[in-house]
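# Per-entry structural report
Okay, here's what each chain looks like letter by letter:
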Amino acid sequence: MFPALIHTITHLKGGIFGVPLFHKRESQFSIRTPWGLSFPPAYVDTYSLSRRRKIYSQEKGFRYQSMEKPESDVAIIDYLQDVPLSDSYEAALEALSSLIRQQKRGDQKTIGGKYGKLDRMRMYLKILDLEERVAGLKIIHVAGTKGKGSTCTFCEAILRESGFRTGLFTSPHLIDVRERFRINGVDISEVKFLLYFWNCWNQLKEHETEDLPMPPLFQFLTVLAFKVFVCEQVDVSIIEVGLGGRNDSTNVIEKPVVCGITSLGMDHTETLGNTIGQIASHKAGVFKHQIPAFTVLQVSEAMDVLQENARELMVPLKVVEPLDSKALNGLKLSLSGDHQFSNAGLAVSLCKSWLQRTGNWEKLFQKDNREANLPEAFLRGLSTAHISGRAQIVHDSSSSSSHVSSEVAETSGDLIFYLDGAHSPESIEACAKWFSVAVKGNNQSPPLVLSSSHNIENINIVWKNGHVQHEKCNIQEFNKISKKILLFNCMEVRDPQILLPRLVSTCASSGTFFSKAIFVPSISTYNKVTSGTSVIPSDISSKDLSWQFSLQRLWERIVHGIDTDLLEKSTKMDAAETSPHREFLYEDASNCSPSNGYLACSAVIPSLPLTIKWLRDCVRENPSLRLQVLVTGSLHLVGDVLKVIRR
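Below: a short report on this structure.

Basis of the calculations
- Residues numbered from 1 in each chain as written.
- Predicted model: local features only at pLDDT ≥ 70, side-chain atom pairs only at ≥ 80, totals over all residues.
- Heavy atoms only, no water.
- Axes fitted to C-alpha atoms, helices over the stretch in contact; angles between N-to-C directions.
- Helix = DSSP H or I, 4+ residues; strand = E, 2+ residues; numbered from the N terminus.
- Parallel < 35°, antiparallel > 145°, perpendicular 65-115°, else oblique.
- Left-handed = near helix turned anticlockwise from the far one by under 90°.
- Contact = heavy atoms within 4.5 Å.
- Nonpolar A, V, L, I, M, F, W, Y, C, P; charged D, E, K, R; others polar.
- Pairing = 2+ DSSP bridges.
- Core = buried A, V, L, I, M, F, W, Y, C linked by side-chain atoms within 4.5 Å.
- Buried < 20%, exposed > 50% of the residue type's maximum accessible area, 1.4 Å probe, protein only.
- Patch = residues over 30% accessible without salt bridge, like charges linked within 9 Å, V, L, I, M, F, W, Y side chains within 5 Å.
- Areas by Shrake-Rupley, 256 points an atom, 1.4 Å probe, with all protein chains shown as cover.
- Salt bridge = Lys/Arg side-chain N within 4 Å of Asp/Glu carboxyl O.
- Lys, Arg positive; Asp, Glu negative; His and termini not counted.
- Charge placed at Lys NZ, Arg CZ, Asp CG, Glu CD.

### Section: the packing of helix α3 (residues 117-127) against helix α7 (residues 217-231)
Where α3 contacts α7, the axes come no closer than 11 Å and their chain directions differ by 40°. By the angle class used here, α3 and α7 are oblique. Judged by the twist between their axes, the crossing of α3 over α7 is right-handed. For the pair formed by α3 and α7, the contact residues are K117, R120, M121, Y124 and L125 on the first element and Q219, T222, V223 and F226 on the second. Its residues assigned to classes, the contact of α3 with α7 comprises five nonpolar, two polar and two charged.

### Let's talk about the sheet that holds strand β13 (residues 392-395)
In spatial order, the strands read β13-β14-β18-β15-β16-β17; together these six strands make up an open sheet with mixed pairing. Bordering the open sheet on either side are β13 and β17 (602-604), each of which pairs with just one other strand. The sheet shows a mean angle of 20° between the axes of neighbouring strands, taken without regard to direction. Here helix α15 (residues 425-440) sits on the sheet and contacts β13, β14 (414-419), β15 (481-488) and β18 (625-632); the angle it forms with β18, its principal contact strand, is near 165°. Sitting on the sheet, helix α16 (residues 496-509) touches β15, β16 (516-519) and β18, and the angle it makes with β15 is about 165°.

### Re the sheet that holds strand β5 (residues 139-143)
Taken together, the eight strands give an open sheet; going across it, the order is β8-β7-β6-β9-β5-β10-β11-β12, and neighbouring strands pair in mixed fashion. Strand pairing shows two members of the sheet lacking a second neighbour, β8 (186-187) and β12 (317-320), which therefore form its edges. Pairing between strand β11 (residues 293-296) and β12: four bridges, direction parallel. Each bridged residue has a counterpart across the sheet, and for A293 the counterpart in β12 is L317. Set on the sheet, helix α10 (residues 300-312) makes contact with β10 (258-261), β11 and β12; between it and β12 the angle comes to about 150°.

### Some details on the nonpolar core
In terms of nonpolar packing, the biggest core is built from 48 residues, with L96, F193, F197, F220, L224 and F229 touching the most fellow members. Elements supplying a minimum of two residues to this core: α2 (85-97), α3, β7 (181-183), α6 (190-206) and α7. Tallying contributions element by element places α7 first for this core, with eleven residues. L224 has contacts with F181, F193, Y196, F197 and C200, leaving out every residue within four places of it along the chain. Counting 41 residues, the second-largest nonpolar core is a separate cluster that includes L355, F365, L379 and I387.

### Concerning the pairing of β14
β14 sits mainly inside the fold: six of its six residues count as buried. Here β14 shows a buried face lined by D414, I416 and Y418 and a second buried face lined by L415, F417 and L419. Summarising the sheet, β13 and β14 pair through four bridges and their orientation is antiparallel. Looking across to β14, one finds that H395 is bridged to I416. As judged from the six bridges shared by β14 and β18, these two strands associate in the parallel manner. Paired with Y418 across the strands is L630, a residue of β18.

### Brief notes about a negative patch on the surface
Side chains of D129, E131, E132 and E254 sit close together on the surface and give a patch of like negative charge. For D129, the location among the structural elements is in the loop between α3 and α4 (131-135).

### Remarks on the environment of H636
Examined against the element boundaries, H636 turns out to sit in helix α20 (residues 635-645). Along the backbone, H636 and P521 are 115 residues apart, and their C-alpha atoms lie at a distance of 9.9 Å.

Any link to function would need more than the numbers given here.
Written out as structure tokens, the structure is:
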């Protein structure tokens, strides 16, 4: 067994990466000593990366500043044991799962102890010796209903392209919890995640009392994000609010550099209130005394509340117009959909403010100071930012994978997934508009973008929001028979009677109509944290599909205008086949008779893997077929689809 050499610029304060050596107290999930590694020594040359940033900064005319000066750049992990890395990671996921207090979204289970949420957060930070160091982070704090993740992602890409070491904390994750923590645009590695995770876990576990229990999942992840960003010595931390703002775990941030509020709408009403004004009040809770804030155009009720809160705290609040496409100099936003121009405009204002308030705007962009021009680094960031599961197009490559013969690959149809985790009325409408445009422009060549300093693996199919590039095009692609399929699920706390009709009507107004709708349960559960390698449950016999059948009934009512009572009397609508027969895909809706239980427009399939297999089999059997599958209604469903098709 070899020690792992970690080349770092961080102080050695009794441990690795500035992290104290692990506590040896036993607990259910604690690792008493660092794990053994089943591979050769890992050498991470972060010093060289830091040095290159320093040189770049000096060339730009300003002195690179780090949070701490290095005292040593080599640490040796010399406490080893025979625990495979994968086992340690699964143990961490089990530990995280134990922090979930709710069995499903909407459960209102209170946390024990005598302290409020934000008081607990401050105590957790104090236990981890993070209070002062978090205060030293230069933070962009973003709240809102729609577009928080996209705005934060744009901000991260812009500032990374400007030469800064970035930290990005977003939620939720789609496949792996490490997606929530990005350093310089890349998910944190398993090794580093485990180092920081177990350090935080063991220290908090040692201080657990009846009055101060272990933090619930999101609070723990928020604390972990601060730990990661402090130890990784990021220059800027972009923090997305989890829920609301005023009482959100991230609101322990006392002095951000700048705050942003994205578009507001009706979501999480069970927690934030049932009016747009009440929701706006929660979001405005991220405002801090005299700290600049930016927001997008809002409905008058929401804007009035934001402006009132801003006046009380003497916050200079500016309303940002959507980014003018002309400002992109012929480039395209990397995130698709017209609504992204609003998020991009907000991100540009937040980044400009951050650069100005940290004293870097003039030093970096003195030649690009005209208001009408965006610096080249901004253009690179806006045209290369990436976020999964939001207006993302993925061509399924299973038929052309290495285990499929070239003859089969050449005679297979197309299976294209359009992924958007929209789950509010406003976001589902934006999703419908994006999908309607995307399916019509599917055969158009992807736009050119400026080269990015952030390298992305060069593979046959580039997974990118809105644009999928291929090595070669075939003229036969333009002669495909296209069928649009809706693959849908949503949490029971949502209102499908608002979501589904708005989706259908918005698509129809653009001339887009679904051939079929398929309703499936999600693989992931609200009470367990899993990863991309976690085992997918194979037992479908015990799945409760009552929610999926209620969604199907609603769909049939929307499509056919049939009375609810007639649908309820249909016994055949309560039994799901393993997968539909092949003819289902081609059956005419006019033959559908929901009142008799004969459905040609929709199906309930008890398993997502079975659904994906059925879709793949359909296109393999028909080379002239193109299936354009919109996956929406739930980020959990989107993440599960990505997990299945990437295996």
